[in-house]
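Chains, contacts and geometry: an overview
Residues per chain are reported as follows:
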Amino acid sequence: MEIKNNLILALDVLSGKKAIEICNQLTEYIDTIKIGYPLTLAEGISIIGILKEKFDFKVICDYKVADIDATNSKICNQTFKAGADAIICHGFVGSDSVQACFNSAKKYDKELFLLTEMSHPGAKEFLQKNADAIAQMGVDMNIKNYVAPATRLDRLREIRNIVGNDAYIISPGVGKQGGDAKKTLKYANAIIVGRSIYESDNPKIACENLIKTLK
């Protein structure tokens, strides 16, 4: 997946109107957005198609899919039918559940991102202990796309070492959570930034200033 300026906007706002307003300001700088449950639950799954049609952005659905294989398949199928270009799934549920997501992505010619470790402090309690094994599972399954944290560069580096240089890693936690954009891109292919852009008084300037720091 090619991502303009190696920057994904996490659009966790609670209205379609607000989402469109922010995207209108950023079309010069981004071509990929990540939406999750906040916007989807507020507006319905049709918001995927609405945003794609209006902006021709790539849409990654961060639903962190984490159920049994049959349910995962249904979730992914509906998400891809709605127009999503990619979906994020948890790896801790095991290979059968991840395989269901992977099969759905292949069926619709879309992308699957395997979440290895999250960016918040609580990830250290349980998820981090198994993140390396999750990454290795992804490699064994021939998954090419991963999510790993910008907030812990040592962990991001370790996951990069496991999945290899040919894998594509997107990394959340830059900005409000404290991750450094430029340092993160030493190991990740793209950064995910949300609140420091969409909560700013001027999202366009915030985005422009962030991109300048990457050069």
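Residues numbered from 1 in each chain as written. Predicted model: local features only at pLDDT ≥ 70, side-chain atom pairs only at ≥ 80, totals over all residues. Heavy atoms only, no water.

With an unreviewed UniProt entry as reference, the chain is termed Orotidine 5'-phosphate decarboxylase, source organism Methanobrevibacter oralis. The UniProt entry for the chain carries this comment under Pathway (unreviewed entry): "Pyrimidine metabolism; UMP biosynthesis via de novo pathway; UMP from orotate: step 2/2." Per UniProt, the chain carries the Sequence similarities (unreviewed entry) text "Belongs to the OMP decarboxylase family." (UniProt positions renumbered as here; feature names shortened; annotations may be inferred.)

1. Structural notes on the overall build of the chain
The helix and strand inventory of the chain stands at 10 helices and 8 strands. By its C-alpha atoms, the chain is 40 × 35 × 30 Å across when sized along the principal axes. Across the 215 residues of the chain, 50% fall into the buried class. Within the chain, contacts between residues at least 6 apart in sequence are counted, and of these 67% link residues at least 24 apart. For the chain, the exposed area adds up to about 9800 Å²; of that, 47% sits on carbon and sulfur atoms. (Helix = DSSP H or I, 4+ residues; strand = E, 2+ residues; numbered from the N terminus. Buried < 20%, exposed > 50% of the residue type's maximum accessible area, 1.4 Å probe, protein only. Contact = heavy atoms within 4.5 Å. Areas by Shrake-Rupley, 256 points an atom, 1.4 Å probe, with all protein chains shown as cover.)

2. Quick look at the UniProt feature "active site" (unreviewed entry) in the chain
The sites that carry the UniProt feature "active site" (unreviewed entry) are, in the present numbering, Asp-62, Lys-64 and Asp-67. Within the secondary structure, Lys-64 is located in strand β3 (residues 58-65). Judged by its relative accessible area of 28%, Lys-64 falls in the partly exposed class. Not counting the four nearest positions on each side in its chain, Lys-64 is found in contact with Ile-88, Cys-89, His-90, Leu-115 and Met-118. A polar contact is formed between the side chain of Lys-64 and the side chain of Asp-62, at a distance of 2.8 Å. By the secondary structure assignment, Asp-67 is in the loop between β3 and α4 (69-81). Leave out the neighbours within four places in its chain, and Asp-67 touches Asn-72, Val-93 and Ser-97. (Polar contact = N/O pair within 3.5 Å; in protein donor to acceptor, adjacent residues only side chain to side chain.)

3. Considerations on the packing of aromatic side chains
Throughout the structure, instances matching the rule amount to 3 aromatic pairs. A ring pair is formed by Phe-55 and Phe-57, whose centres lie 5.2 Å apart and whose planes are at 15°; its orientation type is stacked. For the pair shown, Phe-55 and Phe-57 are each scored as buried. Note that Lys-106 overlies the ring of Phe-102, its terminal NZ or CZ placed 4.6 Å from the centroid. (Phe/Tyr/Trp six-rings, centres within 6.5 Å; stacked < 30°, edge-to-face > 60°. Lys NZ or Arg CZ within 6 Å of the ring centre and 35° of its normal.)

4. Things to note about the packing of α4 against helix α5 (residues 95-107)
In the contact formed by α4 and α5, the axes pass within 8 Å of each other and the chain directions differ by 25°. By the criterion of interaxial angle, the relationship of α4 to α5 is roughly parallel. In this structure, the crossing between α4 and α5 has a hand that is right-handed. Residues Asp-69, Asn-72, Ser-73, Cys-76, Asn-77 and Phe-80 of α4 touch α5, and the partners they reach there are Asp-96, Ser-97, Ala-100, Cys-101, Ser-104, Ala-105 and Lys-107. Of the residues assigned to the contact of α4 with α5, the class counts are 5 nonpolar, 5 polar and 3 charged. (Axes fitted to C-alpha atoms, helices over the stretch in contact; angles between N-to-C directions. Parallel < 35°, antiparallel > 145°, perpendicular 65-115°, else oblique. Left-handed = near helix turned anticlockwise from the far one by under 90°. Nonpolar A, V, L, I, M, F, W, Y, C, P; charged D, E, K, R; others polar.)

5. Comments concerning the sheet that holds β3
Strand order in the closed barrel formed by 8 strands is β1-β2-β3-β4-β5-β6-β7-β8, with parallel pairing between adjacent strands. Neighbour to neighbour, the strand axes of the sheet diverge by 25° on average, direction disregarded. Bridging between strand β7 (residues 168-172) and strand β8 (residues 190-193) involves 3 bridges; their strand directions are parallel. The partner of Ser-171 across the bridge, within β8, is Ile-191. (Pairing = 2+ DSSP bridges.)

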